[in-house]
Amino acid sequence: MTFSDVAVLVSGSGTLLQSILDHQDENYRVVLVVADQVCPAVDRARRAGVPTRVVEMGEDRAEWNLRLRQVVEAGGPDVVVSAGFMRILGPEFLARFEGRLINTHPALLPAFPGAHAVRDALAYGVKVTGTTVHYIDLGIDSGEIIAQRAVDVRPGETEEHLHERIKQQERELIVDVLRRARLEDGKVTF
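Here the structure is a predicted model, which is why all the values come from computation and not from measurement.

About the criteria used
- Residues numbered from 1 in each chain as written.
- Predicted model: local features only at pLDDT ≥ 70, side-chain atom pairs only at ≥ 80, totals over all residues.
- Heavy atoms only, no water.
- Phe/Tyr/Trp six-rings, centres within 6.5 Å; stacked < 30°, edge-to-face > 60°.
- Helix = DSSP H or I, 4+ residues; strand = E, 2+ residues; numbered from the N terminus.
- Buried < 20%, exposed > 50% of the residue type's maximum accessible area, 1.4 Å probe, protein only.
- Pairing = 2+ DSSP bridges.
- Axes fitted to C-alpha atoms, helices over the stretch in contact; angles between N-to-C directions.
- Contact = heavy atoms within 4.5 Å.
- Arc of directions from axis to C-beta.
- Polar contact = N/O pair within 3.5 Å; in protein donor to acceptor, adjacent residues only side chain to side chain.
- Right-handed = clockwise from strand over helix to strand, strands pointing away.

This brings us to the packing of aromatic side chains. Scanning the entire structure with this criterion turns up four aromatic pairs. Relative to Phe97, the ring of Phe93 has its centre 4.9 Å away and its plane inclined at 40°; by these criteria the two rings are tilted. Residue Phe93 and its partner Phe97 are located together in helix H4 (residues 91-97), separated by four residues, close to a single helical turn. Given the relative accessible area of 1%, Phe97 is considered buried. Measuring from centroid to centroid gives 6.1 Å for Tyr135 and Phe190, while their planes differ by 55°, and the two rings are tilted.

Strand order across the open sheet formed by seven strands is S3-S2-S1-S4-S5-S6-S7, with mixed pairing between neighbours. Each edge of the open sheet carries a strand with a single partner, namely strand S3 (52-54) and strand S7 (145-152). Taking each pair of neighbouring strands and ignoring which way they run, the sheet shows an average axis angle of 20°. The pairing of strand S6 (residues 128-135) with S7 spans seven bridges and is classified as antiparallel. Bridging from a neighbouring strand, Thr129 pairs with Val151 of S7. Of the strands in this sheet, strand S1 (4-10), strand S2 (28-35), strand S4 (79-82) and strand S5 (101-105) touch helix H1 (residues 15-22), which is tilted by about 155° from S2.

With that out of the way, let us pick up helix H5 (residues 117-124). Buried residues of H5: Ala117, Val118 and Ala121, and no others. For H5, the arc enclosing every buried residue in end-on projection is 100°, short of the 170-degree limit, so these residues lie on one face. Those residues of H5 that are buried are in contact with S5, S6 and helix H6 (159-179). Note on H5: the residue one or two positions beyond its end, Gly125, has a positive phi of about 90°.

Considering the arrangement of structural elements, one finds Thr132 in strand S6. Reaching out from Thr132, the side chain makes a polar contact with the backbone oxygen of Ala107 at a distance of 2.6 Å. Polar side-chain contacts of Thr132 include one of 3.0 Å to the side chain of Gln148. Setting aside residues up to four positions removed in sequence, Thr132 forms contacts with Asn103, Thr104, His105, Ala107, Leu108, Leu109, Ile145, Ala147, Gln148 and Leu173.

In this section: the pairing of S1. Burial within S1 is extensive, with seven of its seven residues counted as buried. Burial along S1 is two-sided: Ser4, Val6, Val8 and Val10 and Asp5, Ala7 and Leu9, pointing in opposite directions, are all buried. Here S1 pairs with S2 via seven bridges, running parallel. Residue pairing in the sheet places Ser4 in a bridge with Tyr28 of S2. As for the winding sense of the linkage, the β-α-β connection from S1 through H1 to S2 is right-handed. Summarising the sheet, S1 and S4 pair through four bridges and their orientation is parallel. By the bridge assignment, Val8 is partnered in S4 with Val81.

We now examine the environment of Arg69. Tracing the sequence through the fold places Arg69 in helix H3 (residues 61-75). Taking the C-alpha atoms as reference points, Arg69 and Glu172, 103 residues apart in sequence, are found 27 Å from one another. The contacts of Arg69, once residues within four sequence positions are left out, are Glu92, Phe93, Arg96 and Phe97.

Here is the structure:
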């Protein structure tokens, strides 16, 4: 299959989502945006005419994962993209979308996993960092790598400036990956 219906999971401003929305073409289309909280990304999706749902986290994480899974399933996506979604997905969700669930990360994995990748890369003193698109598994940024783009670190660069330059590459890379998506035997390949 060469056309992919995409669900996007969001938590924040939605700049990555906006890039995905802006570059839809004959290769993919966004059919659903799901947030864990009311956020600007939901407004972006609504302005684009994409159905949205908010599934707020409760005290029971397993129950939340089940509700999230049901909402995403109802959208019928081929691919699920975590685009700035700041929640760890549990086995209740991952099992349903295994091989079709991808994430972007602001580092060249396996280096610098976790929420502070840009800060960690600068503290380590790397000369090159970048962005990665990878499958999501039960670990933290440990899934199989799909694609990467390098970004040189400039002398004296701040975390904020470097992160913005990485985000620019991240926005282009996720669109490139989605345009190459192919569903084969229940797994999306790129």
